[in-house]
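Descriptive structure summary
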Amino acid sequence: MRPGGTGRKATSSLSIFESSVAFGLITSAVLAIASVGFTLQFAVTNVLNLAYGAVMIAAAFAAYAVNQAGVTIWVAALAAAAVGSVLSLFLNRVIYTPFQRRKTSPIALVIVALGMTLILEFGTQAIAGPTNVSYTMAQGPMLQVGGFALSAAEIAMIGLSLVIMAFVHVLIRYTRLGKAMRATAANRDLARNCGIRTDRVVTVTWIITGALCGIAGAVFGMNAGTFGATSTDVFLVLILAAVFLGGPGEPYGAMLGALVIGVATEVSAAFIVPDYKDVIAFVILLTMLAVRPTGLLGART
Amino acid sequence: MRTAQEIGGAAAARTARGASLRTESLTAGYGGSPIVHEISISVAPGEVVSVVGPNGSGKSTLLKGIVGIVEVLSGSVHLDGADVTHRATEEIARLGVGYVPQVDDVFAPLTVAENLEMGGYLLKPKDVPARVEHVLDVFPQLRRMVSRRAGKLSGGERKMLAMGRVLMLEPALVVLDEPTANLAPQIAHTVLDEHVRRLALTGATVLIVEQRARAVLAISDRTYVLAGGRVRMEGTPAELSASSEFVESFLGGGQPAGG
């Protein structure tokens, strides 16, 4: 911000800036869960699963059903995780793997994934109905955290996201499974030569990343307020922007990408035109692809 | 030429018990069409056996059939007498077979240390650090590059790491697919004369495919000559060198073209 002008003006634009950053951090928190799951899934399974957003929203509706039965959304999110896992496993076993066995090209598989997006979204709509829904949840008191005013629920969302990032970090850095996942992602044939049963690693990866996708769906629903069966269509573009910004297949890159995209879209919404906030994400993505195609943390040759 | 004493250290690293390998009328290829036909070879425990032959003679396909990457259409593969035909490649690895492919032989985005850890994936986690130390004793040059990304290594260093990676599991049989492909001649000789010898000195049986017939003969106990997907000749280096047919076809023109 340019200094100067009247004191009042400076304060008010500063507070707009601060609150837009706060909004951005919440968006980043949701985006980080979704993007880390997406990038890990892509790296290990080699499938660019564009039906990810559709799985997210189906899982969000599953959490809604449990929430309607009187369970707090924070517990109902576990139902979203379960549905995310099951749907992702289904997509892999019943759709993607048979096509891969027939040597379907990766680009054709992307078209298959787009088709599955429609099938899943309309399937969700057929079951849940065409009207938007909202979780029953308390926002809690407003709290001042580091100069930002956030509700208790929003702080909990950010906290949940941080816990999940820590979980992913420990998983890929320190566990046997995580190492097998990284080896499979880097060079599947060589991983098999190390004795790693990569088919199992891939299956477990669909389960884990499906759960992340499901939780991301539930948190997306909390943050959105109201949502319908097609509400993640634009959000998928934000996920792709965060993933490719960080470098496809790079979990830490996706975290960083989610932070940048989340904050940039909300801050630009406050200072440019709110309608264009998702466009900003895409402008960042296109700039990155032009300047550094491997992404911020991508170093693959 | 170096003696075992000169290579040093590696002799003390003898830990593996070499396995025997035998193929019986092995026919293998891609998508149902055979590339190698009815190949019967045998490798005794601790032996270094090489397979040479012109480009496209099916040398690599033979190895891939043995380690379960290429479909075996007929015939069989026996490891220490047990039939392992049609086993998945990860199961063959679990039986003590370390395979170093010609290309994509390391985890390029991972560091040298991480590559070795991956090689030791089947070990108990608490045994991995000691085993990494052991492999670094066999290939001391790797020690100063442990934290470098494998993708950044030179061709020779990379091949050393690929061999170190398979050593992590104390393999009973090491299968090497053209380890000197795309390497400068001087580096190629280091790989064969030093690195492959170090592998052999661990006690592992070694089956190696090579374009550089003359160089690989020098380190082999026995050699098979493949052409057109079939075994044309076999014998010790001395026997083959005494064969005018072999010398004219495979050694006469000096170094055969690489690739």
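Some details on the overall build of chain A
A count of helical and extended segments in chain A gives 11 helices and 4 strands. Computed over C-alpha atoms, the radius of gyration of chain A comes to 20 Å, within 12% of the 19 Å expected from 2.2 N^0.38 for 301 residues, which places it in the range of a compact globule. Taken along the three principal axes of its C-alpha coordinates, chain A extends 70 × 50 × 35 Å. Taking all 301 residues of chain A together, 50% fall into the buried category. Taking contacts inside chain A between residues at least 6 apart in sequence as the whole, the part at least 24 apart equals 74%. Averaging the locations of the 18 positively and 10 negatively charged side chains of chain A gives two centres separated by 13 Å.

Some words on the layout of surface pockets
Leftover empty space is mapped by rolling, across the atoms, a probe with the size of a water molecule. Within this model, the largest pocket holds a volume of roughly 1600 Å³. Broken down by secondary-structure element, the contributors of at least two residues to the lining of the largest pocket are α1 (7-45), α3 (73-101), α4 (106-128), α6 (176-186), α7 (188-193) and α8 (198-224) of chain A together with α3 (89-94) of chain B. Grouping the constituent residues of the lining of the largest pocket by class yields 19 nonpolar, 16 polar and 13 charged.

Considering the pattern of salt bridges
Residues and elements named next belong to chain B. Going through the model one piece at a time under the given rule, you end up with 16 salt bridges over all chains. R17 is the partner of D80 in a salt bridge, and the nearest nitrogen-oxygen pair spans 3.4 Å. You can see D80 sitting in the loop between β5 (71-79) and β6 (82-83) and its partner R17 sitting in the loop between α1 (4-7) and β1 (21-30), a full 63 residues away along the chain. The class for D80 is partly exposed, based on a relative accessible area of 41%. With relative accessibility at 56%, the residue R17 sits in the exposed group. Close ionic contact of K159 with D105 constitutes a salt bridge, the shortest N to O distance being 2.9 Å. Of this pair, K159 sits in helix α6 (residues 155-167) while D105 sits in the loop between β7 (97-100) and α4 (112-119), placing them 54 residues apart in sequence.

A few points about the environment of S33 of chain B
Residue and element names in this part refer to chain B. Tracing the backbone shows S33 in strand β2 (residues 33-39). Here the alpha-carbon distance between S33 and L73, two residues 40 residues apart in the chain, equals 8.4 Å. In terms of polar contacts, S33 uses its side chain to reach the backbone carbonyl oxygen of Y30, at 2.9 Å.

Considerations on the confidence of the model for chain A
Per-residue pLDDT for chain A averages 90, and the proportion of residues at 70 or more is 94%. Every residue in residues 1-10 of chain A is under pLDDT 50, and counting partners more than four places away or in other chains gives 3 contacts.

A look at the pairing of strand β11 (residues 230-235) of chain B
Note: strand β10 (residues 222-227) of chain B against β11 of chain B, 5 bridges, orientation antiparallel. Among the inter-strand pairings, V225 of chain B is bridged to a residue of β11 of chain B, identified as M233 of chain B.

Observations regarding the packing of aromatic side chains
All names here are of chain A. Enumeration according to the criterion identifies 6 aromatic pairs over all chains in this entry. Ring centres of F61 and F227 lie 5.1 Å apart, and the angle between their planes is 70 degrees; this geometry places the pair in the edge-to-face category. In this pair, F61 sits in helix α2 (residues 52-68) while F227 sits in strand β4 (residues 226-227), placing the two residues 166 residues apart along the sequence. Overall, the relative accessible area of 8% leaves F61 in the buried class. Relative accessible area serves as the criterion here: at 0%, F227 is assigned to the buried category.

Details of unusual backbone geometry
Of note, E38 of chain B is a non-glycine position whose phi angle comes to about 45 degrees, a positive value. Within the secondary structure, E38 of chain B is located in strand β2.

Observations regarding the packing of α3 of chain A against α4 of chain A
Residue and element names in this part refer to chain A. Direction vectors running N to C along α3 and α4 enclose 145 degrees, while the axes themselves pass 11 Å from each other. The handedness of the crossing between α3 and α4 is right-handed. Between α3, through L87, L91, I95, Y96, F99 and Q100, and α4, the contact on the second element is made entirely by L109, V112, A113, M116 and L120. Of the residues contributing to the contact of α3 with α4, the split by class is 10 nonpolar, 1 polar and no charged.

What about the confidence of the model for chain B?
All names here are of chain B. This prediction gives chain B a mean pLDDT of 88; 91% of its residues lie at or above 70. Of the regions scoring below 50 in pLDDT, residues 1-14 engages in 18 contacts with residues more than four places distant in sequence or in other chains. Below a pLDDT of 50 lies the segment residues 253-259, which in the model reaches 14 contacts outside its immediate sequence neighbourhood of four places, other chains included.

Remarks on the interface of chain A and chain B
By convention, interface size is frequently given as the accessible area that disappears when the constituent parts associate. Counting residues at the interface gives 18 residues for chain A and 25 residues for chain B. At the boundary of chain A with chain B, total buried surface from both sides reaches about 2100 Å², with 54% on carbon and sulfur atoms. Connecting chain A to chain B are 5 salt bridges. Connecting chain A to chain B are 9 residue pairs in polar contact (both at pLDDT 80 or more). Elements that contribute at least two residues to the side of chain A that touches chain B include exactly α6 and α7 of chain A. Per element, the largest residue contribution to the side of chain A that touches chain B is 6 residues, and it comes from α6 of chain A. For the side of chain A that touches chain B, a count of residues per class yields 8 nonpolar, 4 polar and 6 charged.

Things to note about empty space enclosed by the protein
Counted according to the given criterion, the structure contains 1 cavity of 30 Å³ or more. If you trace the largest cavity, you find it lined by N193 and C194 of chain A together with A93, G96, V97, G98, G119, R165, V166, L169 and P171 of chain B. Taken together, the residues of the lining of the largest cavity sort by class into 6 nonpolar, 4 polar and 1 charged.

The rules behind each value
Residues numbered from 1 in each chain as written. Chains lettered and ligands numbered in written order. Predicted model: local features only at pLDDT ≥ 70, side-chain atom pairs only at ≥ 80, totals over all residues. Heavy atoms only, no water. Helix = DSSP H or I, 4+ residues; strand = E, 2+ residues; numbered from the N terminus. Rg over C-alpha atoms; globule rule 2.2 N^0.38 Å. Buried < 20%, exposed > 50% of the residue type's maximum accessible area, 1.4 Å probe, protein only. Contact = heavy atoms within 4.5 Å. Lys, Arg positive; Asp, Glu negative; His and termini not counted. Charge placed at Lys NZ, Arg CZ, Asp CG, Glu CD. 1 Å grid on protein atoms, 1.4 Å probe; cavity = no way out; pocket = protein on both sides within 12 Å on 5 of 7 lines; lining within 4 Å. Points joined across faces, edges and corners; volume = space filled by probe spheres on them. Nonpolar A, V, L, I, M, F, W, Y, C, P; charged D, E, K, R; others polar. Salt bridge = Lys/Arg side-chain N within 4 Å of Asp/Glu carboxyl O. Polar contact = N/O pair within 3.5 Å; in protein donor to acceptor, adjacent residues only side chain to side chain. pLDDT = per-residue confidence, 0-100. Pairing = 2+ DSSP bridges. Phe/Tyr/Trp six-rings, centres within 6.5 Å; stacked < 30°, edge-to-face > 60°. Axes fitted to C-alpha atoms, helices over the stretch in contact; angles between N-to-C directions. Left-handed = near helix turned anticlockwise from the far one by under 90°. Buried area = accessible area lost by both parts, 1.4 Å probe.

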